[in-house]
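# Examination of the molecular architecture
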Amino acid sequence: MPKLTLPESQPDRRPLQVFAFDPMLGRAAGNRVVIEVANERLDPGPLGSRVAVVDYDGANDCYYQPVNLDQPAILMQGGLEPTESDPRFHQQMVYAVAMKVIENFELALGRRITFRRNRRLRLLPHAFRGANAFYDPKLLAILFGYFRAERTDPGPNLPGQTVFTCLSQDIIAHEMTHALVDRLRHLFIEPSNRDVPAFHEGFADIVAIFQHFSLPAILRDKIQETRADLRSPTPLVQLAQQFGYTTGQGEALRTAVDKANPKLFETLDEPHERGSVLVAAVFDAFFNTYQKRIRDLIRIATGGTGRLPDGDLHPDLVNRIAGEASRTAQAILTMCIRAFDYLPPVDVTFGDYLRALVTADFELNPLDEVGMRAAVIEGFRARGVYPENVVSLAEEALLWDLTENLEQFPVEHLANLMLAGAQQYSRSAPQEPPTSSPVSDEDRDRDIGVEHFAFSDMALEQAQTDLGEVAVQLGDWAVRNAAELGLRPNVKIRVLGFHPVFRVSPKGQLLVEMVAQFTQHDESYKPQFGGIPLRGGATVVASAEGRVRYIISKPMPSPTISAEKQKQANFRIERQKEFVARCDRADPFLAWGDDNYLANRIAQKTNFAVMHQGVLR
Ligand SMILES: [Zn+2]
């Protein structure tokens with residue numbers, strides 16, 4: 001009798017055990033959790049299609065044995081058990097959390113994310129000895145440090161115990177977000193106004209905080225403990241507890257909850273402090289939406305009084321509340337990431353981000369039935385964050401201006417490629433060994449968004465050629481329409497990236513758009529801006545048929561642009577001068593630095609390792 005053979009199928013998801021927060025809470029119940037990531041074939045490392053964990057210990061100059069997550073014994077138990085003592089578990093945890101962050105970005109943006117030139121982002125769990133961790137764009141790597149806890153005031157840790165930053169979900173998620181923000185908006189690495197570095201930091205904290213709410217057991221526990229008041233100080237709303245305690249701060253590194261103060265924002269310069277205003281504004285929006293969503297549950301549970309009785313809450317009620325909390329958190333996080341496609345390519349401000357949030361959400365979900373968009377606007381208003389060039393904080397005023405009657409966007413060729421890309425969407429990206437050569441600036445210049453498509457090995461070469469052609473068409477279009485973009489027609493315009501967007505609205509409608517970014521710069525401003533050129537640019541959002549809908553512009557001064565744009569360009573220059581002056585006032589090295597330091601003093605702030613020193617970032 002013939003034997004029946006079934007096709008071999010691979011599960012879609014891979015469960016992996018991790019610490020829910022970090023090892024400090026390890027003894028507390030529920031701190032060991034399983035997170036699920038998309039299943040992909042993994043070589044020892046883990047070495048996947050987009051990230052490569054490389055366990056080189058810089059302090060001891062050695063490699064640790066790489067974990068093989070595809071090994072049957074490890075597969076069967078959902079990865080290795082959480083432990084501080086086995087470097088292979090450290091590798092597993094870094095991989096799992098990193099992939100979770102990538103997945104959140106892909107879900108929100110509606111496209112596959114790969115790194116420049118299809119290279120893998122390298123993650124070094126034990127890169128150096130030191131209380132820090134940072135993303136290095138030149139190496140395309142995240143370097144995690146390890147260090148000994150304070151001997152005198154280590155909080156709940158043992159005095160002098162070794163602390164691994166690679167075992168903190170928050171630290172991994174925060175650094176991964178830096179890498180992804182850098183992927184999506186590379187020029188946000190240049191501090192051209194106070195908000196730019198603060199945006200990087202605040203956004204990285206937002207992603208880390210909201211990932212807490214995807215852990216059901218912890219969420220239920222904290223809802224019971226706080227009687228559903230999720231603003232209470234628990235690890236849910238705090239960042240990097242162990243790191244904060246072991247470095248002698250006596251508390252978590254940062255928190256998402258503040259006392260809204262409309263005056264504070266104006267005075268904050270330090271990127272993490274300023275960024276925390278963004279975190280608090282978004283968290284406020286989350287909390288208000290969550291409260292609205294659980295109000296009926298509480299009424300039902302309390303016979304209409306809305307006052308919860310003393311004692312433990314009923315587990316069924318806790319379950320339902322936890323469901324609403326995690327649904328709302330995921331919706332807010334998705335909204336925050338989705339806004340990226342509506343951000344300018346350079347010189348971002350918190351006000352721009354608010355406008356991008358409102359526009360992106362409006363496009364997909366015009367009715368805003370739960371009032372999430374209104375809650376976001378209120379969160380920003382309460383903290384004194386206002387966009388420039390808007391007359392009010394009404395939703396209509398915050399939407400980016402719709403463009404009319406502009407020359408058709410050259411999408412035809414792009415649309416064909418897009419179809420090719422979509423067909424390849426679920427296949428794996430090309431495999432290549434991780435290299436250690438830094439990404440040169442020249443590489444970046446040639447990098448034109450091919451990574452936003454996922455092509456198979458065979459198709460990649462052809463796709464590169466085709467995409468080059470699209471870039472040329474887009475560049476020509478930009479020159480013809482320079483005035484509308486706020487750019488100079490006689491100066492080189494770079495096509496920084498372009499990609500299609502596919503999104504499904506809550507009502508199930510598919511939204512397809514084309515997004516492209518153009519930039520231009522003027523080197524003559526470098527001396528007065530501390531080594532940074534003046535940059536202008538525009539993000540163009542077009543319909544699938546090529547009708548230009550939004551131009552989100554940071555204009556360059558030019559006699560060819562409108563008076564309104566000219567005014568904005570001049571304002572940006574003044575703001576950047578003022579920013580440089582502010583940095584100088586706070587710079588202790590200004591009097592000591594040599595000529596080279598002076599010429600590049602602002603440009604060198606683009607280095608995350610420097611910016612993050614001592615405070616972890
Ligand atoms: Zn940071």
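Residues numbered from 1 in each chain as written. Predicted model: local features only at pLDDT ≥ 70, side-chain atom pairs only at ≥ 80, totals over all residues. Heavy atoms only, no water.

## Considerations on the overall build of the protein
The cut-off we apply is this: Put simply, DSSP H or I for four residues or longer makes a helix, DSSP E for two residues or longer makes a strand, and each gets a number counted from the N terminus. With a 1.4 Å probe rolled over the protein chains alone, any residue whose accessible area is under 20% of its type maximum counts as buried; one over 50% counts as exposed, and the rest are partly exposed. Should any heavy atoms of two residues lie within 4.5 Å, those residues are considered in contact. Residue burial considers only the protein chains on display, and all accessible areas are found by Shrake-Rupley using a 1.4 Å probe.
Within the protein one finds 19 helices and 15 strands. Residues classed as buried in the protein amount to 59% of the 617 residues present. The long-range share in the protein, meaning contacts at least 24 apart out of those at least 6 apart in sequence, stands at 70%. With an accessible surface of roughly 26100 Å², the protein has 53% of that area assigned to carbon and sulfur atoms.

## Section: the environment of Arg295
Following the sequence through the fold, Arg295 ends up in helix α8 (residues 271-301). Accessibility expressed as a relative area gives 45% for Arg295, which makes it partly exposed. It is 9.6 Å that separates the C-alpha atoms of Arg295 and Ile321, two residues lying 26 residues apart in sequence.

## Regarding the packing of aromatic side chains
Here a ring pair, both rings aromatic, is described through the centre-centre distance and the interplanar angle of the planes. Stated formally: Two aromatic rings from Phe, Tyr or Trp, using only the six-membered ring of Trp, form a pair when their centres are within 6.5 Å; if the ring planes differ by under 30 degrees the pair is stacked, by over 60 it is edge-to-face, and anything between is tilted.
The full count for this structure, using the stated rule, is 24 aromatic pairs. An angle of 75° between the planes, with centres 6.2 Å apart, marks the rings of Phe105 and Phe203 as edge-to-face. One end of the pair, Phe105, is in helix α2 (residues 87-109); the other, Phe203, is in helix α4 (residues 195-211), with 98 residues separating them in the sequence. Residue classification places Phe105 among the buried residues on the basis of a relative accessible area of 0%. An angle of 35° between the planes, with centres 6.1 Å apart, marks the rings of Phe210 and Phe213 as tilted.

## Here's the deal with the coordination of the zinc ion
Put simply, the rule is: Donor criterion used throughout: N, O or S atom within 2.8 Å of the metal, extended to 3.2 Å for Na, K and Ca. Water excluded; incomplete-looking sites may result.
Protein-derived ligands of the zinc ion are His174 (NE2), His178 (NE2) and Glu201 (OE), with the metal-ligand distances lying across 2.0 to 2.1 Å. In the primary sequence, the donor residues of the zinc ion line up as H-x3-H-x22-E. With His174 and His178 both in helix α3 (residues 169-184), this residue pair falls four residues apart, about one helical turn. What makes His174 buried here is its relative accessible area of 4%. On the basis of relative accessibility, which here comes to 0%, the residue His178 falls in the buried class.

## As for the environment of Asp587
Of note, Asp587 is situated in the loop between α17 (563-585) and α18 (595-600). For Asp587, a relative accessible area of 12% translates into the label buried. Between the alpha carbons of Asp587 and Arg601 there is a distance of 9.3 Å; along the sequence they are 14 residues apart.

## Quick notes on the pairing of strand β15 (residues 548-554)
Note the cut-off: Any two strands with at least two DSSP-identified bridges between them are counted as paired.
The element β15 is extensively covered by neighbouring structure, given that seven of its seven residues are classed as buried. The sheet contact formed by strand β14 (residues 534-543) and β15 spans six bridges and is antiparallel. Residue pairing for β15: Gly537 is matched across the bridge by Lys554.

## Comments concerning the sheet that holds β15
Convention followed: To obtain an axis, a line is fitted to C-alpha atoms, over the contacting stretch when the element is a helix, and the angle between two such axes runs from 0 to 180 degrees between their N-to-C directions.
Strand order in the open sheet made by the four strands is β12-β13-β14-β15, with antiparallel pairing throughout. The strands lining the two open edges of the sheet, one partner per strand, are β12 (494-504) and β15. Averaged over all adjacent pairs, the angle separating strand axes in this sheet is 15°, with direction ignored. Lying on the sheet, α17 is in contact with β14 and β15; it crosses β14 at an angle near 135°.

## Focus on unusual backbone geometry
The step from Gly45 to Pro46 runs through a cis peptide bond, and the omega angle for that step is -5°. Relative to the helices and strands, Pro46 resides in the loop between β2 (32-38) and β3 (51-53). One non-glycine residue, Ala228, adopts positive backbone phi at about 75°. Here Ala228 shows up in the loop between α5 (216-226) and β10 (238-239).

## Observations regarding the packing of α8 against helix α9 (residues 315-338)
The test is simple: In what follows, roughly perpendicular refers to angles from 65 to 115 degrees, roughly parallel to angles under 35, roughly antiparallel to angles over 145, and oblique to any angle outside these ranges. The crossing is said to be left-handed when, going from far helix to near helix, the turn is anticlockwise and less than a right angle, and right-handed when the turn is clockwise.
Put simply, α8 and α9 touch, their axes get as near as 9 Å, and they point 155° apart. Taken as axis vectors, α8 and α9 run roughly antiparallel relative to one another. Considering how the two elements wind past one another, α8 and α9 form a crossing that is right-handed. Across the interface between the two elements, Val282, Ala285, Phe286, Thr289, Tyr290, Arg293, Ile294, Leu297, Ile298 and Ala301 of α8 pack against Leu317, Arg320, Ile321, Glu324, Ala325, Arg327, Thr328, Ala329, Ile332 and Cys336 of α9.

## What to know about the confidence of the model for the protein
Regions with low pLDDT carry predicted coordinates that are not meant to be interpreted in detail. Heads up, the condition is: Each residue gets a pLDDT score, which is the predictor's confidence in that residue and runs from 0 to 100.
For the protein, the mean per-residue pLDDT works out to 85, and 87% of the residues sit at or above 70. Summarising per-element confidence for the protein, the mean pLDDT is lowest in helix α14 (residues 441-446) (37) and highest in β3 (96). Segment residues 613-617: pLDDT under 50, and 23 contacts once partners within four positions in sequence are set aside and those in other chains are kept.

## Let's talk about α4
Think of an α-helix as turning once every 3.6 residues; residues three or four places apart then point the same way. In plain terms, the rule: The span you would expect from a helix comes to 1.5 Å times its residue count less one.
Taking 1.5 Å per residue, 17 residues should reach 24 Å; α4 reaches 24 Å between its end C-alpha atoms and fits that length. Along α4, 17 of the 17 residues are buried, which leaves the element largely enclosed by surrounding structure.

## A closer look at the side chain of Asn365
Note on placement: Asn365 falls in the loop between α10 (350-364) and α11 (372-381). Filtering out sequence-adjacent residues up to four positions away, Asn365 remains in contact with Arg373 and Pro506.

## Notes on the pattern of salt bridges
Should the charged atoms of two oppositely charged side chains come close, the side chains can pair. We apply this condition: By convention in these notes, a salt bridge is any Lys or Arg side-chain nitrogen within 4 Å of a carboxyl oxygen on Asp or Glu.
Counting across every chain of the model gives 35 salt bridges. Here Arg373 makes a salt bridge to Asp361, at a shortest N to O gap of 2.7 Å. One end of the pair, Arg373, is in helix α11; the other, Asp361, is in helix α10, with 12 residues separating them in the sequence. Take Arg373: its relative accessible area is 1%, and that puts it in the buried class. Residue Lys577 is joined to Glu574 by a salt bridge in which the shortest nitrogen-to-oxygen separation is 3.3 Å. Placement of the pair is Lys577 and Glu574 together in helix α17, with a separation of three residues, close to one helical turn.

## Here's the deal with the packing of α4 against α9
Across the interface, α4 lies against α9 with an axial gap of 10 Å and an inter-helix angle of 155°. Classified by the angle between their axes, α4 and α9 sit roughly antiparallel to one another. Read as a crossing pair, α4 and α9 show a hand that is left-handed. Two secondary-structure elements touch here, α4 through Phe203, Ile206, Val207 and Phe210 and α9 through Ala329, Ile332, Leu333, Cys336 and Ile337.

## Some thoughts on the pairing of strand β6 (residues 121-129)
By the criterion of burial, β6 is predominantly enclosed, with seven of the nine residues buried. Note: β3 against β6, three bridges, orientation parallel. Residue Val51 lies in a different strand from β6, and its bridge partner there is Leu121. Bridging between β6 and strand β8 (residues 141-148) involves five bridges; their strand directions are parallel.

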